Amino acid sequence: MQGRPVRRVAITGMGAISPLGVGANALWQGLCEGRSAIGPLQHVDAGRLRVKVAAQVPASFDPAANIDERTLPMLDRTSEFALHAAREAVAQSGLDFASNGLGLRTAVIVGTGVGGETTQDEQSRRLYGENSNRAHPLTIVRLMTNASASQISIAWGLRGPTFAVASACASANHAIIQAAQMIRWGLADVAITGGTEACLTYGALRAWEAMRVLADDTCRPFSVNRRGLVLGEGAGIFVLESMEHAQARGATILAELAGSGMTADATDIVMPSADGAASAMRQALDDAGLAPQDVDYINAHGTGTQANDVTETKAIHLAFGAHADRLAVSSTKSMHGHALGASGALELVAAIGALRDNVVPPTANLDKVDPACDLDYVPNVAREMPVRAVLSNSFAFGGLNAVLALKRAP
Amino acid sequence: MTATTQQQVFEIIATQAKIDVATIKPESTLKDLGIASLEAIELIFDIEEHFDITFPDQQGANFDSDTAQSLVDAVQKALDEKAAAGEGAK
């Protein structure tokens, strides 16, 4: 891209529903404590599934809290997560969308890997399993991939560009980047963005079993005894705002979303490429005006699969050269699991927390570092250290890479 | 005369890899046969469906070094366990 972007992007609100609890703070505190939310799979069909563990949003999450009775029946679990996270983010931002026509200048862009999977699964069971002739009349409005974005738009009267972004496990990062570009180039002053996923259904779990990439014990990124990824769920939603707009109203700025990089491997549908990931990281650095040595922390994609962890390590070496050895790199998926289309959003909470509090969350369950993974993965215990700039990596099936670059609030 | 377990497994491999079954040797690795990542997972699925068995999760995960014979052995082990568990065990 030629020339500097027109406007800088501030993050002024964040919210999360995650396996570590309700609220961005519950997530960040859990990560700092090195607490893993991975546990035995709670599912009505758990007895006949081979999947044994998952990172699930706790039962203490009440989807009905503060959502009106007429809206509630419209919501798949994905939209429940997204609406609750959005409420937290909007409240933190202190924005009033009803005043000065701000609603019309606000975009809503939400990433999700598959959208309303719970709804899809329920209706399939009804039609094919129980031979019912009728699907529930709200099936379509619940399951459509844009449902979360649309529900957020309706809840706050946000009338700017609104749509969903899907890129499997990179959906949240792609959505956040899209939202940031809207602000940079003046298509919106504010954007509500992030990712949401709730796909721990019988059908989806069976499909993941068949791919043979799930761990049966826990998620151990970069550890020699890692056995695969652990599925998670949740949502992270953020308020992005042009820096000018945020500063003019005296908003508390959590961090600056300074740049991004997006590439495709164009090689294999599942096997990752170090070159593709490295070029996305390089792009993010360039776009943010960062030199490799300006970065202190990378929130890794770090799924805990054999292929990802070695390839991502190589990619970090390629992108950072000699500075790679001085980076703190951690995978918080070891604690919140792999929330697929929401994972980049949960990880952005970690990236913002690191910049704000000068604490790097650890990689939990890191027993013994794989000799093929030779970076500093901040094993098991959070580290207090100055954090000036952060990259947050998401790499998806389909060979899609999306990297965020963040700086401290100015 | 029904085909041996080895013949059946080799036939499934040949179909998946789109090669002549005669070219498969017990010591051939899946990599030698040109079967990588997703094809290997499909192969496991085809074998499971054919024999009505389920491989343990971590088995067959190392497609670079697994040989055709190791797959036959794994099938035989699963069939023996199934027989031991009695009729109708799924």
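Worth saying up front: this structure is predicted, and the values here are computed from it rather than measured.

As a further point, take the overall build of chain A. Across its full length, chain A carries twelve helices and 15 strands. The C-alpha atoms of chain A give a radius of gyration of 20 Å, which matches the 22 Å a tight globule of 410 residues would have. In terms of its C-alpha atoms, chain A occupies a principal-axis envelope of roughly 65 × 55 × 40 Å. Long-range pairs, those at least 24 residues apart, make up 80% of the contacts in chain A with a sequence separation of at least 6.

Turning our attention to the packing of helix H1 (residues 24–32) of chain A against helix H12 (residues 343–357) of chain A. All names here are of chain A. Viewed as axis vectors pointing N to C, H1 and H12 meet at an angle of 70 degrees, and their least axial separation amounts to 10 Å. The orientation of H1 relative to H12 falls into the category roughly perpendicular. The crossing of H1 and H12 is right-handed. Within the contact between the two elements, H1 uses Ala 24, Leu 27, Trp 28 and Leu 31 and H12 uses Leu 346, Val 349, Ala 350 and Gly 353. Split by residue class, the contact of H1 with H12 holds seven nonpolar, one polar and no charged.

Here we take up the nonpolar core. Judged by nonpolar contacts, the single largest core of 132 residues is most densely connected at Leu 240, Ala 405 and Leu 406 of chain A. Examining the composition of this core, we find that nine residues originate from one element, H12 of chain A, more than from any other. Setting aside residues no more than four positions away along its own chain, Leu 240 of chain A makes contact with Val 9, Ile 11, Ala 179, Ala 180, Ile 183, Val 190, Ala 191, Thr 193 and Leu 257 of chain A. If you look at the next biggest cluster of nonpolar residues, it comprises 17 residues, including Val 9, Ala 68, Val 72 and Val 75 of chain B.

All names here are of chain A. Domain boundaries in chain A define domain 1 (9–248) and domain 2 (258–407). One C-alpha centre belongs to domain 1, the other to domain 2; they are set 21 Å apart. Every contact between the two is made by 60 residues of domain 1 and, on the other side, 53 residues of domain 2. For the side of domain 1 that touches domain 2, the secondary-structure elements that each account for two or more residues are strand E1 (9–18), H1, strand E4 (53–55), helix H6 (171–184), strand E7 (190–197) and strand E8 (234–242). When grouped by side-chain class, the residues that make up the side of domain 1 that touches domain 2 number 34 nonpolar, 21 polar and five charged.

Attention now moves to the interface of chain B and chain A. Counting residues at the interface gives seven residues for chain B, matched by ten residues for chain A. Residues that form the side of chain B that touches chain A fall into these classes: four nonpolar, two polar and one charged.

Turning next to the UniProt feature "domain: Ketosynthase family 3 (KS3)" (unreviewed entry) in chain A. Cross-referencing UniProt, the feature "domain: Ketosynthase family 3 (KS3)" (unreviewed entry) maps to residues 6–408 of chain A in the present numbering. Annotated as 33% helix and 20% strand, the span residues 6–408 of chain A places its first and last C-alpha atoms 19 Å apart.

Glancing now at the environment of Asp 76 of chain A. All names here are of chain A. Mapped onto the secondary structure, Asp 76 falls in the loop between E4 and helix H2 (77–93). For Asp 76, a count of 27 C-beta atoms within 10 Å gives the class buried. Separated by 276 residues in the primary sequence, Asp 76 and Ile 352 have C-alpha atoms spaced 28 Å apart. Residues contacting Asp 76, with those up to four places away along its chain left out, are Gly 116, Thr 118, Thr 119, Arg 142, Leu 143 and Ala 147.

Each value, and the rule that gives it
Residues numbered from 1 in each chain as written. Chains lettered and ligands numbered in written order. Predicted model: local features only at pLDDT ≥ 70, side-chain atom pairs only at ≥ 80, totals over all residues. Helix = DSSP H or I, 4+ residues; strand = E, 2+ residues; numbered from the N terminus. Rg over C-alpha atoms; globule rule 2.2 N^0.38 Å. Contact = placed C-beta atoms within 7 Å. Axes fitted to C-alpha atoms, helices over the stretch in contact; angles between N-to-C directions. Parallel < 35°, antiparallel > 145°, perpendicular 65-115°, else oblique. Left-handed = near helix turned anticlockwise from the far one by under 90°. Nonpolar A, V, L, I, M, F, W, Y, C, P; charged D, E, K, R; others polar. Core = buried A, V, L, I, M, F, W, Y, C linked by C-beta atoms within 7 Å. Buried ≥ 20, exposed ≤ 12 C-beta atoms within 10 Å, placed from the backbone. Domains from an automatic or database assignment. UniProt positions renumbered as here; feature names shortened; annotations may be inferred.

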